[in-house]
Amino acid sequence: MPTLMINGQPHSVDVDADTPLLWVLRDILGLNAAKFGCGIAQCGACTVYVDGKAVRACNLPVGLVGTRAITTPEGLESADPVVQAVKSAWVALDVVQCGYCQPGQVMAAVALLRTTPNPTDEQIDSAMSGNMCRCGTYMRIRAAIHHAAGELA
């Protein structure tokens, strides 16, 4: 029975080692912000952090996670200035349309701004390329990331 460290809290789960992390998060622990989109790690709706790195939870077996720290969209620290700037920019620029992909988009944007505080359009496009938006809000997402970077400067 693996014990996973999720959002700073230990969680013992009785699952097979090959169970995708996303199913553990959603179906066992009730953490539903990370979404199921494609099941093959191509759309980004299931993005979480493992040891601070953005990964796709839909195809990551819990047996490979071990004791590494998992952060879900629910676990983003509201006091974190990068998280605040991204969320504020998302609202200010009215990024969200249907909202389904947005937890993954926000996770990817926060990860980008933590490593690249003043990204170019090309850096944003590259960092966000693994996150699909069915509504096509890519231009608003890019603008919001620039806006957040400006708030953080």
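Provided above is the structure to which this section pertains.
No experiment lies behind these values; they were computed from the predicted model shown.

Enquirer: Before we go on, may I ask you to explain the overall build of the protein in this structure?
Expert: The secondary structure content of the protein amounts to five helices and five strands. The C-alpha atoms of the protein give a radius of gyration of 15 Å, which matches the 15 Å a tight globule of 153 residues would have. Reported as C-alpha extents along the three principal axes, the dimensions of the protein are approximately 45 × 30 × 25 Å. Across the 153 residues that make up the protein, the buried fraction comes to 44%. Counting contacts in the protein only where the partners sit at least 6 residues apart, residues at least 24 apart contribute 59% of the total. Mean positive and mean negative side-chain charge positions of the protein (10 and 13 charges, respectively) differ by 4 Å.

Enquirer: Where do I start with the pattern of salt bridges in this structure?
Expert: Pairs can form between side chains of opposite charge once their charged atoms are near each other. For the structure on display, the rule yields three salt bridges. Put simply, Arg114 and Asp80 hold a salt bridge, and the shortest N to O gap is 2.3 Å. Taken together, the positions of Arg114 in helix H3 (residues 102-115) and Asp80 in the loop between strand S5 (69-71) and helix H2 (81-92) put the pair 34 residues apart, joining distant regions of the chain. For Arg114, a relative accessible area of 41% translates into the label partly exposed. The exposure class assigned to Asp80 is buried, which follows from its relative accessible area of 17%.

Enquirer: Explain the nonpolar core here, please?
Expert: One recurring pattern in soluble globular proteins is that nonpolar side chains are buried together. Counting residues in each nonpolar core, the largest one holds 24 residues, and the members touching the most others are Val86, Trp90, Val110, Leu113, Met128 and Ile145. With eight residues, the top contributor of residues to this core is H3. When near neighbours in sequence (up to four residues on either side) are disregarded, Ile145 contacts Trp90, Ala109, Leu112, Leu113, Pro119, Ile124 and Met128.

Each value, and the rule that gives it
Residues numbered from 1 in each chain as written. Predicted model: local features only at pLDDT ≥ 70, side-chain atom pairs only at ≥ 80, totals over all residues. Heavy atoms only, no water. Helix = DSSP H or I, 4+ residues; strand = E, 2+ residues; numbered from the N terminus. Rg over C-alpha atoms; globule rule 2.2 N^0.38 Å. Buried < 20%, exposed > 50% of the residue type's maximum accessible area, 1.4 Å probe, protein only. Contact = heavy atoms within 4.5 Å. Lys, Arg positive; Asp, Glu negative; His and termini not counted. Charge placed at Lys NZ, Arg CZ, Asp CG, Glu CD. Salt bridge = Lys/Arg side-chain N within 4 Å of Asp/Glu carboxyl O. Core = buried A, V, L, I, M, F, W, Y, C linked by side-chain atoms within 4.5 Å.

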